[in-house]
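# Commentary on secondary and tertiary structure
So you can see what is in the structure, the chains are spelled out below.
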Amino acid sequence: MKILHITTMDHGGAGIAARRIHEALLKQGVESRMLVRFKKSDDDTITMAQPNKGLYSPPSIPLCEKIVRAMRRRGRCLTEVEHYERQMELLDRQHGAAFTMPISNYDLTNHPLLQWADILHLHWVENFLDYPTFFSAIEKPVVWTFHDENIAYGGFHYTDEAERLKEPFAKLENAFCKIKKDAFADAGHSIHMVALSAMMEQFCHQHALMTQLPVEVIHNGIRPEDFNMLDRHFCRETLGIPDEKRVLCFCASDINDNRKGLDTLVRVLESMHLSNIALLCVGQGRLPKCDISIIGTGPITNPRLLSVAYSAADLFVMPSYQEAFAQAPLEAMACGCPVVAFPCSGTEELIREDNGVRCSDFTEQALADGIGEALERMYSHEAIRRNTLARFDIAIIAHQYINLYNRCK
């Protein structure tokens, strides 16, 4: 059985999740490859595709290139992709939103890896997968793990933005919805959807684009060897944090992303007036100015270095307003760190009484209550790690995918 994972990048949240599955399949003897638009790793089982559609098709003719450059200098859009990109850039400057296209300059249908594969496993594919060419030509089974809500919309990735920006984005959203609807109608193969949580599964059943597709839940997983419990004193000494501090850890790729809730967490901690509190922030971005002690590490991508941050903390706090199945709290729990989180998708499966607190709602008071409750509890770090690996070891998750692949053949 040959599996090809298709995802926009081999890094970032969804890219890391896809790579973990890919690598776990290889360990279990499954032939697996990845095809991406952007590649950072030096893994030779991961291939970076090249644009090959529209004006990007070879051969390259110097005179044509001169004409193209001249027309673009005059603001002319020469492809459908450029036409939509121009509109999206304008709207993004005016409103700002996570909004992507279901078309691209990548026609993957004749790529050698697609010919090689028995099953195509899609992950986060926006601005990479060209829906019209892909779904009309591919006749192989498709498994699709979706990492946000974009599958239900034309270009939006989150329901709150789809509702808030419905009017200014209406023309593009309607056009992209039609592209997706027509592409699914042309699909000559089976599509099996994978939701990362029960909440996301329920989301699928509520939206027209997916009501006819089979959906099952398979969670994100973690490699036990990547994240480990380390000596707390050593970790705090490494990070320059006194042993007597009570440390709360916050982690996000972009700590200034409003959806991740750092500003909310800071306001809550300032209002709680806790003694000896330090906030450890992991990720790219500007640290907020506030009255509490904040230690910023900058971005960390190495799992072993992340283990130092998680192991230094008393609590990992995730005040995210929206997630599909966040990996950071999973990583923290693999290091024995209890978690406090808003009740977004995935937290119902992740958090139990013996490993943290799932807040009652998305208010600042609920977050304050959750942090206060967690700080008063006694947790067994060894038990948190043991239970996390028993449920979310990537080998277990890979086996669930193998079962799904076998049913799809």
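Whatever comes next refers back to the structure up there.
So, here is what we can say about the structure in this document. As a convention, each chain's residues are numbered from 1 in the sequence order in which they are written. Side-chain atom pairs in this predicted model are given and counted only at pLDDT of 80 or more, local residue features only at pLDDT of at least 70, and totals for whole chains, interfaces and linings cover all residues. Side-chain numbers come from the whole structure's heavy atoms, not from hydrogens or water.

### Quick notes on the environment of A185
- Considering the arrangement of structural elements, one finds A185 in helix α7 (residues 170-186).
- Taking the C-alpha atoms as reference, A185 lies 8.6 Å from S136; in sequence the two are 49 residues apart. Helix and strand definitions here come from DSSP, where helices need a minimum of 4 consecutive H or I residues and strands a minimum of 2 consecutive E residues; each element is numbered from the N-terminal end.

### Regarding the packing of aromatic side chains
- Stacked, tilted and edge-to-face are the three classes applied to pairs of Phe, Tyr and Trp rings, where Trp contributes its six-membered ring and a pair requires centres within 6.5 Å; stacked means planes under 30 degrees apart, edge-to-face means over 60, and tilted covers the rest. Under the defined criterion, the tally for this structure stands at 21 aromatic pairs.
- Taken together, the ring pairs connect Y84, F99, F156, F169 and F176 into an aromatic cluster.

### A look at the packing of helix α10 (residues 262-272) against helix α14 (residues 364-376)
- At a minimum axis separation of 10 Å, α10 and α14 run at an interaxial angle of 65°. As for how α10 packs across α14, the hand of that crossing is right-handed. Facing α10, whose interface residues are T264, L265, R267, V268, L269 and M272, α14 presents E364, L367, A368, I371 and G372. Fitted lines through C-alpha atoms give the axes, limited to the stretch in contact for helices. The angle between two N-to-C directions lies from 0 to 180 degrees. What makes a crossing left-handed is the near helix being turned counterclockwise from the far one by less than a right angle; a clockwise turn instead makes it right-handed. Residue contacts follow a heavy-atom distance rule, with two residues in contact if any of their heavy atoms lie within 4.5 Å.

### So, the sheet that holds strand β11 (residues 315-318)
- Two strands are said to pair when DSSP picks up at least two bridges between them. In space, the six strands of this open sheet follow the order β10-β9-β8-β11-β12-β13, with parallel pairing throughout. The open sheet has two edge strands, β10 (293-298) and β13 (356-358), and neither has a second partner. Shown here is a sheet whose adjacent strand axes are inclined to one another by a mean of 20°, direction ignored.
- Relative to strand β12 (residues 339-341), β11 runs parallel, the two being bridged by three bridges. For M318, the partnering residue across the bridge sits in β12 and is A341.
- Against the sheet, helix α11 (residues 303-312) contacts β8 (246-254), β9 (277-284) and β11, and its axis sits at roughly 145° relative to β8.

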